[in-house]
Every structure is written in structure tokens, then in C-alpha cells.
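One-letter residues, chain by chain:
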Amino acid sequence: MLPNIPYTSFKRVVIVGAGFGGLSLAREIAKREDLQVVLIDRNNYHQFQPLYYQVAMAGLEPSSISFPLRKIFQSKTNVHIRITEVHGVNPDRKSIDTSLGEITYDYLVIATGACTNYFGMKEIEERAIPMKTVSEALALRNRILQNFEDALSVDSEDERQGLMSVVVVGGGPTGVELSGTLAEMKHFILPKDYPEMDFKAMQIYLLEAADELLGAMSDESSKKSMEYLEKMGVNVETGQVVTSFDGKYVTTKQGMRIRADNLVWAAGVKANPLKGLDPKVIVRGGRIKVDTYNRVEGYDTIFALGDVAHMSEGKWENGHPQLAQPAIQQGKALARNVWRVMDGKKAIPFSYKDLGSMATVGRNRAVVDLPFVKFQGFLAWLTWMFVHLISIVGVKNRVLILINWLWNYVTYDQSLRLILRPKSMDKNLKNEEVV
């Protein structure tokens, strides 16, 4: 197989990764027809990560938070999309190695994002459920729903409690939002689906190693989110470091031992740098050290964006938060600098504008920290919904999500509780379920 990318007289910008940073850069620089843009990703769609948990909890279809890359660039003849794996970079040859073959570049932008960080705990990596992709969110949905089906058929109360109970590790926005949604399902939805079961046996735990939830947000938001969750019946335990999970019991360094078959890992991320770079530019968390122009230190034609980039700036001396906004802003800033350099102007250093943080805990409950005001409750919940809705790529996706949200709000129900398992064909051409 060959990449089959035509050679032109224009400069070629190769972007690896179609997340928030890579996509924002590609959409901006593609406006100029005197550049050739090559966008590479292992998936043929962009994923809206902040709503993974709603797919996992049967609130949204995967297609609602995913958007085909080719549809975004339908009218751009200077954009070439290739769906493949990137194995490494060859700075001397100005090329990258992919499953399709070698692809050369004039400028390379690494926007490969981050993956789940298990902090070296192999046992947890093998048994816990991560949630960093749409497919992992679907796997979590399948696992939770199948466990309730299995709980109907077991004899032991201990086994039934293990199947029904869930431990969420990580008190950031993902952990808080997932725990809140699970609590709402326990109270309003699952008892209607499974009237034979006593849901007092279902326990939801949220474990956080630090002394508070939502550590990156204000004290007001941290305290309010804990208050919301505890009122909803979630067992919130801070100062607890998970050390092992044998498939039946979750154990912490502080001595807690929790009976649960389901461990959802939302406790941290690590960057995905490309192989072939000087090891000296790889810093804490696998991030790539860049200057204020997002240029990788020691390389004139290689740049890095978003979660994978480590840029020291002001109070963010350890790098910007690994969130959507820094990636989007860096992508747009790099596009402007590309244009400026092509027009013979001087590039402008990047400066991150903190637009605030927010998290939803459940129905009518959210916390919002804006630069000029902090608030919680119903208004914060509406703000959270509005911001996420306008951030989704595609008008159709926005409409579908809004309809789902309105339906869920009015009916206290979710209509997507389907256990969907892909099929694969073995050598004997027999269908086999993929677990």
C-alpha cells in the first residue's frame, strides 16, 4: 500500500492527529490554497471527548459526538486525509513512517493527544475500564448493561452486589460527571428496567487520591460537586490511592477494600509522542517540550500541539492543562503564524487565554468557574449544556444531542440502552463475539 499523496509546488504541512488541536489547525490553514495539508489519524472521524461519558451511560449515540473528517473538508482539494497508524518520525529525511508507507513533509505538526495513564499498574491496566475513545465508552456501556442482565441470574447476594456496583477512580470532570450520571440511572432508570432487583445493593464509589474533587477548579466548585454527589448517593472518598484490582475487589493504599466487579479508570493521562525525536525533548508525562511558537525544541520544522505539547508560560510553568481549549487555541495560533511567515511577517508567541472550567454533576446540577464569576446549580447546568452544544462539530449532531437531552429531561429516561457487540470472522468463517 502507498500513501499516494500528489507532489506539488506548494509547501506540505503534515498533521498527525485529528483531535481538537490538529483539527482546528487543519481547518484554519486549509483556507489557503497555496498550502498542501495532509491530515493523518487512525480514525476517519473527529471525537468530542467531553461527552464520552454520556455515550458510556446510554445517553447519546456514538455518532452524535463523532464527525467524519472527509465531510469537514469536502470542498478542500488541497487537503489529503489518510487513515493509518504513524510509527515514528525521521527528522533527517523530513518524513514519517506509517502503515501506508513513508510520507514526507515540509512542516510536521504532532497533535497525537494523550492516552490513559495507569501509572505502571499492570493489574489495573488489564482489568479496569478506560474511557479515552468512543469505542472504550461503548465497551463501558456494554459492560455495565450486561452485568445487570447477569445479576438477574446469580444466586449469591455477594456476587449480585459485585456485578451491580461500580468504582470510579479519578475526581476530575470525567469522574465526577460519570459518577453523577450513574447515580441518576440508579434512581430513575434502572429500577424501571429491572423491577426484580433491589438497587440498594448497587453501590457507586468515587475515589480520588487528592483531598478534594475537581482539583483544577475553585474551592467552591470542589465542595459543591462533593455535596451534589453525596446527596445523590455516591460514596465519595478522597485521599484514597488505588493500588490493585483483582476483578472482584478494589484495594487502596490507605486500607479500603471495596467489593465491585467494575472499575472505571479516569485517574490520569499521559501524552503520545512520536518515536524518533531526541529523548531530551520528552519531559514529564511523555509531553514534547516546545517553545512559545509550538516548535519542538531543537527542530525548525516540527511542531507539537495540545495534550502532547509542553509549553511553559506564566503560571503554567508545567505546561498548559490537557484540555480542549489550550489545544484549540494553539491550533488557531499556529495557523496564523504559518500565514504570517508565508507573508514575510514575524510569528507571534502563543499566549493561552483561560476561558474557565466547568463540570456537570447531574440533572440541574453543575459547577462553573469563569475568569470573572463562579456559580453553581441550575444556571451552571444550562451554561454547561450551551457551551458543549455549540462546541460540537456539525449542525445535525447539535440537533440530535439537543433532542436527546430534552427527551431525557422530560421523561427521566434514556432510549439507548443497547448491548452492542461487534462480530469478527475466524478462519472457519464462523461468527465470534469480541469481548
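The rules behind the values
- Residues numbered from 1 in each chain as written.
- Predicted model: local features only at pLDDT ≥ 70, side-chain atom pairs only at ≥ 80, totals over all residues.
- Heavy atoms only, no water.
- Axes fitted to C-alpha atoms, helices over the stretch in contact; angles between N-to-C directions.
- Helix = DSSP H or I, 4+ residues; strand = E, 2+ residues; numbered from the N terminus.
- Parallel < 35°, antiparallel > 145°, perpendicular 65-115°, else oblique.
- Left-handed = near helix turned anticlockwise from the far one by under 90°.
- Contact = heavy atoms within 4.5 Å.
- Buried < 20%, exposed > 50% of the residue type's maximum accessible area, 1.4 Å probe, protein only.
- Core = buried A, V, L, I, M, F, W, Y, C linked by side-chain atoms within 4.5 Å.
- Nonpolar A, V, L, I, M, F, W, Y, C, P; charged D, E, K, R; others polar.

Draft legend 1. Here's a closer look at the packing of helix α1 (residues 20-29) against helix α9 (residues 324-342). Put simply, α1 and α9 touch, their axes get as near as 7 Å, and they point 30° apart. The angle between the axes of α1 and α9 places the two elements in the roughly parallel class. Both α1 and α9 take part in a crossing whose hand is right-handed. In this structure, α1 contributes Phe20, Gly21, Ser24, Leu25, Glu28 and Ile29 to the contact, and α9 contributes Ala324, Ala327, Ile328, Gly331, Lys332, Leu334, Ala335, Val338 and Trp339.

Draft legend 2. A look at unusual backbone geometry. The backbone phi angle of Ala58 is positive, close to 65°, even though this residue is not glycine. Structurally, Ala58 can be placed in the loop between α2 (52-56) and β4 (66-68). Phi at Asn294 takes a positive value of approximately 65°, unusual for a residue other than glycine. On the secondary structure map, Asn294 appears in the loop between β19 (288-289) and β20 (302-304). Classification of Asn294 as buried rests on a relative accessible area of 1%.

Draft legend 3. Structural context of the nonpolar core. Ranked by internal contacts, the top residues of the largest apolar core, which has 64 residues, are Leu51, Ile65, Leu140, Phe148 and Leu178. Excluding its chain neighbours within four sequence positions, the residues that come into contact with Phe148 are Met164, Leu190, Tyr194, Met197, Phe199 and Met202. In terms of nonpolar packing, the next biggest core, distinct from the first, is built from 29 residues, Val14, Ile40, Leu274 and Ile302 among them.

Draft legend 4. Examining the packing of helix α5 (residues 134-151) against helix α6 (residues 157-164) more closely. Relative orientation of the contacting elements α5 and α6 amounts to 165°, with a least axis distance of 8 Å. Taken together, the axes of α5 and α6 are roughly antiparallel relative to one another. α5 and α6 meet at a crossing whose hand is left-handed. Contacts between α5 and α6 involve Asn147, Phe148, Asp150 and Ala151 on the former and, on the latter, Arg160, Leu163 and Met164. By residue class, the composition of the contact of α5 with α6 is four nonpolar, one polar and two charged.

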